[in-house]
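Fold and geometry: a report
Okay, here's what each chain looks like letter by letter:
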Amino acid sequence: MERKPFIAGNWKMNMTAASGAKLIDELKPLVKDADCDVALCVPAILIPAMAEAAKGSNIAIGAQNMHWEAKGAFTGEISADMLKEYGVKYVIIGHSERRQYFGETDETVNKRTKAVLAAGMTPIMCIGETLSEREGGITEDVLSRQLEKDLEGVEDVTKVVIAYEPVWAIGTGRTATDEQAQETIAFIRKKIGELFCPKCAEKVIIQYGGSMNAGNCKGLMAQPDIDGGLIGGASLKCDFAKIVNFDK
Ligand code: 13P
């Protein structure tokens, strides 16, 4: 089963309209021959300017969150229509930073994921264990719970991109080894097969995220179950192009 690799950047709360547009201008020629899908998930306020900067290129623009209601009294939130107006294709949902610092729960991740799908966009749904959970030997329990709850009621799981981001590897410079990432992502695929169907699981794009960079991307991408990366720090510079071109 052929799965097209997918490399996405997550700018988190970084860049401005000026520095972001400059980076996109620099990246465009460097990534134009990519064999994978490419996206940059940017802060909401930068979406219009980054969509303009990326126009006509193979860089898709993504968002970092989205509310499940269509509109209303939800101060600080962003709706599907607001994102679609600027051609947003991907929305990161349930990033561990949102779970850790902003009270995101499996229930809200589930609602947001279903709303992104209903709006015809692709959720990049993040799951992952903390260091104490890994050291406590409960990584698979944690991931199983997240997959069960976060994907509950999803009709077509093949339309969801899963990002496996071990919390201990995010922004720490401590990447999961190729084997650790492969083993865990293979487990995630198996679990999706049990929750939905094995054939669907074979089609689901599963990214690795956590200190992925130009130096370690080749080894990670060579693993049979790793279909891409969700890149934080290394997506803020031209090095991102080296990750996109991991196969060249
Ligand atoms: P880093 O690549 O900076 O570790 O961040 C990973 C991440 O959280 C992407 O969503």
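For the structure given in this document, a descriptive report is provided here. All of these numbers come straight from a predicted model, not from anything done at the bench.

This part is about the state of the cysteines. One pass over the structure, following the stated rule, counts 1 disulfide. Here Cys197 is linked by a disulfide to Cys200, with a sulfur-sulfur distance of 2.2 Å. Across the S-S bond linking Cys197 and Cys200, the dihedral sits near 90°, which makes this disulfide right-handed. The class of Cys197 is partly exposed, set by a relative accessible area of 26%.

On to the site of the ligand, then. Surrounding the ligand, one finds Asn10, Lys12, His95, Glu165, Ala169, Ile170, Gly171, Gly210, Ser211, Leu230, Gly232 and Gly233. With respect to the ligand, the side chain of Glu165 contributes an N or O atom lying 2.9 Å from an oxygen atom. With respect to the ligand, the backbone of Ser211 contributes an N or O atom lying 2.7 Å from an oxygen atom. Relative to its unbound accessible area of 310 Å², the ligand is 95% covered by the protein chains.

A separate point is the packing of helix H7 (residues 139–150) against helix H8 (residues 178–195). Their axes nearest at 10 Å, the elements H7 and H8 cross at an angle of 40°. It follows that H7 is oblique to H8 by the angle criterion. Considering the relative orientation of H7 and H8, their crossing is right-handed. Taken together, the residues of H8 that come into contact with H7 (itself represented by Thr139, Glu140, Leu143, Ser144, Leu147 and Glu148) are Thr184, Phe187, Ile188, Lys191, Ile192 and Leu195. For the contact of H7 with H8, the residue count by class is 6 nonpolar, 3 polar and 3 charged.

On the basis of which strands lie adjacent, the closed barrel formed by 8 strands has the order E1-E2-E3-E4-E5-E6-E7-E8 and parallel pairing. For this sheet the average axis-to-axis angle between neighbouring strands, irrespective of direction, equals 25°. Sheet analysis places strand E3 (residues 59–63) next to strand E4 (residues 90–93), joined by 2 bridges and oriented parallel. Bridge assignment links Gly62 to a residue of E4, and that residue is Tyr90. In the packing of helix H1 (residues 17–31) onto the sheet, the strands contacted are strand E2 (37–41) and E3, and the crossing angle to E3 comes to about 130°. With respect to the sheet, H8 is in contact with strand E5 (122–127), strand E6 (161–164) and strand E7 (206–209), its orientation differing from that of E7 by roughly 145°.

One finds Ile162 and Tyr208 to be the most contacted residues of the largest nonpolar core, which totals 65 residues. A total of 5 residues in this core trace back to one element, the largest contributor, which is H8. If you look at the next biggest cluster of nonpolar residues, it comprises 13 residues, including Ala39, Ile124, Val161 and Ile205.

So, about the pattern of salt bridges. What the rule picks out here adds up to 23 salt bridges. For Glu52, the salt bridge goes to Lys55, with nearest N and O atoms at 3.6 Å. Like Glu52, the residue Lys55 is exposed in the burial classification. Linked by salt bridges that have partners in common, Arg3, Arg189, Glu202, Asp225 and Asp227 make up one network.

What counts, and at which threshold
Residues numbered from 1 in each chain as written. Predicted model: local features only at pLDDT ≥ 70, side-chain atom pairs only at ≥ 80, totals over all residues. Heavy atoms only, no water. Disulfide = S-S within 2.5 Å. Buried < 20%, exposed > 50% of the residue type's maximum accessible area, 1.4 Å probe, protein only. Near = heavy atom within 4 Å. Polar contact = N/O pair within 3.5 Å; in protein donor to acceptor, adjacent residues only side chain to side chain. Areas by Shrake-Rupley, 256 points an atom, 1.4 Å probe, with all protein chains shown as cover. Axes fitted to C-alpha atoms, helices over the stretch in contact; angles between N-to-C directions. Helix = DSSP H or I, 4+ residues; strand = E, 2+ residues; numbered from the N terminus. Parallel < 35°, antiparallel > 145°, perpendicular 65-115°, else oblique. Left-handed = near helix turned anticlockwise from the far one by under 90°. Contact = heavy atoms within 4.5 Å. Nonpolar A, V, L, I, M, F, W, Y, C, P; charged D, E, K, R; others polar. Pairing = 2+ DSSP bridges. Core = buried A, V, L, I, M, F, W, Y, C linked by side-chain atoms within 4.5 Å. Salt bridge = Lys/Arg side-chain N within 4 Å of Asp/Glu carboxyl O.

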